[in-house]
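Analysis of the macromolecular model
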Amino acid sequence: MTEQVQKRILIVDDEPDVLTYLTAFLEDNGYWVVTAVNGRDGFEKAKSDSPDLIALDINMPEETGVRMFRNLQEDEATAHIPVIIVTGISSDFKRFIETRRQVHAPAGYFEKPIDRGKLLEKIEEILSEKPV
């Protein structure tokens, strides 16, 4: 692994198994992980914990990932945080979100089940571009 040790990643997903799986995987690769179970909680943690990257599910109760993604980009304190969409929704959604004028395209997009190698590669790529 490269020099991303102790970079913070916020995982926002309503599925406990996904949170546990991604948390263990990312911690095993040297990242500090914070979790949230919906977009409202995720947005608050993004503001309070200042993660280096957010892995965001789309379909969640209380507040969706789409709303959280928009809130992140509209808030000056969080607009700079790169977001990777990690979802069970089809690739049609990827085309949809990438064509919205209200938000910038996400830094990455992964459908569940996740290819761990490709996800880790994308995270390392994004975080190596981000200033320390």
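Refer to the structure above for everything that follows.
Since the model is a prediction, treat every value here as computed from it, not as a measurement. Counting restarts for each chain: residues are numbered from 1 in the order of the written sequence. In keeping with the model being predicted, local features are shown solely for residues with a pLDDT of at least 70 and side-chain atom pairs are shown and tallied solely at 80 or more, while totals for entire chains, interfaces and linings include all residues. The basis for every side-chain value is the complete set of non-hydrogen atoms in the structure, without hydrogens or water.

As for the overall build of the protein chain
The condition is simple: Think of it this way: any DSSP run of H or I at least four residues long counts as a helix, any run of E at least two long counts as a strand, and we number them from the N terminus. Each residue gets one of three labels from its accessible area relative to the maximum for its type: buried under 20%, exposed over 50%, partly exposed in between, using a 1.4 Å probe on protein chains only. Here a residue-residue contact requires only that any non-hydrogen atoms of the pair lie within 4.5 Å.
Each helix and strand counted, the protein chain has five helices and five strands in total. Taken over 132 residues, the protein chain has a buried fraction of 47%. Long-range contacts, defined as pairs at least 24 residues apart, comprise 68% of the intrachain contacts of the protein chain with a sequence gap of at least 6.

Considering the pattern of salt bridges
Stated formally: Any Lys or Arg side-chain nitrogen located within 4 Å of an Asp or Glu carboxyl oxygen qualifies as a salt bridge.
Per the counting criterion, the structure on display carries nine salt bridges. With a closest N to O distance of 3.2 Å, Glu62 and Arg40 form a salt bridge. With Glu62 in the loop between strand S3 (53-56) and helix H3 (65-74) and Arg40 in helix H2 (residues 39-49), this pair connects stretches of sequence that are 22 residues apart. Under the relative-accessibility criterion, Glu62 is labelled exposed at 61%. Among the residues examined, Arg40 registers a relative accessible area of 44% and is labelled partly exposed. For Glu74, the salt bridge is made with Arg70, and the minimal N-O distance between the two is 3.4 Å. Taken together, the positions of Glu74 and Arg70, both in helix H3 and four residues apart, correspond to about one turn of that helix. By relative accessible area, which is 29% here, Arg70 ends up partly exposed. Each of Asp13, Glu15, Asp57 and Lys112 takes part in salt bridges that share partners, so that together they form one network.

Quick look at the side chain of Thr87
For clarity, the threshold we go by: What qualifies as a polar contact is a pair of N or O atoms within 3.5 Å, subject to a donor-acceptor requirement within protein and to the restriction that residues adjacent in sequence count only when both atoms come from side chains.
Within the secondary structure, Thr87 is located in strand S4 (residues 83-87). Residue Thr87 is classed as buried on the basis of its relative accessible area of 1%. Within the local environment of Thr87, its side chain forms a polar contact with the side chain of Asp57, the two groups lying 3.4 Å apart. If we skip the residues at most four places from it in the chain, Thr87 touches Asp57, Ile58, Tyr109, Phe110, Glu111 and Lys112.

A look at the sheet that holds S3
Convention followed: Note on pairing: two strands pair once DSSP finds at least 2 bridges between them. Angles run from 0 to 180 degrees between N-to-C directions of axes, and those axes are lines fitted to C-alpha atoms, restricted for helices to the stretch in contact.
Taken together, the five strands give an open sheet; going across it, the order is S2-S1-S3-S4-S5, and neighbouring strands pair in parallel fashion. Of all the strands in the sheet, just strand S2 (32-36) and strand S5 (108-111) have a single pairing partner and so form its edges. Taking each pair of neighbouring strands and ignoring which way they run, the sheet shows an average axis angle of 20°. Summarising the sheet, S4 and S5 pair through four bridges and their orientation is parallel. Across the sheet, residue Thr87 finds its bridge partner in S5, namely Glu111.

A closer look at H3
We count it as follows: Comment: arc refers to directions from the helix axis out to C-beta atoms.
Buried residues of H3: Gly65, Met68, Phe69, Asn71 and Leu72, and no others. Looking down the long axis of H3, one finds its buried residues gathered within 165° of arc, a one-sided arrangement.

The analysis is restricted to geometry; functional conclusions fall outside its scope.
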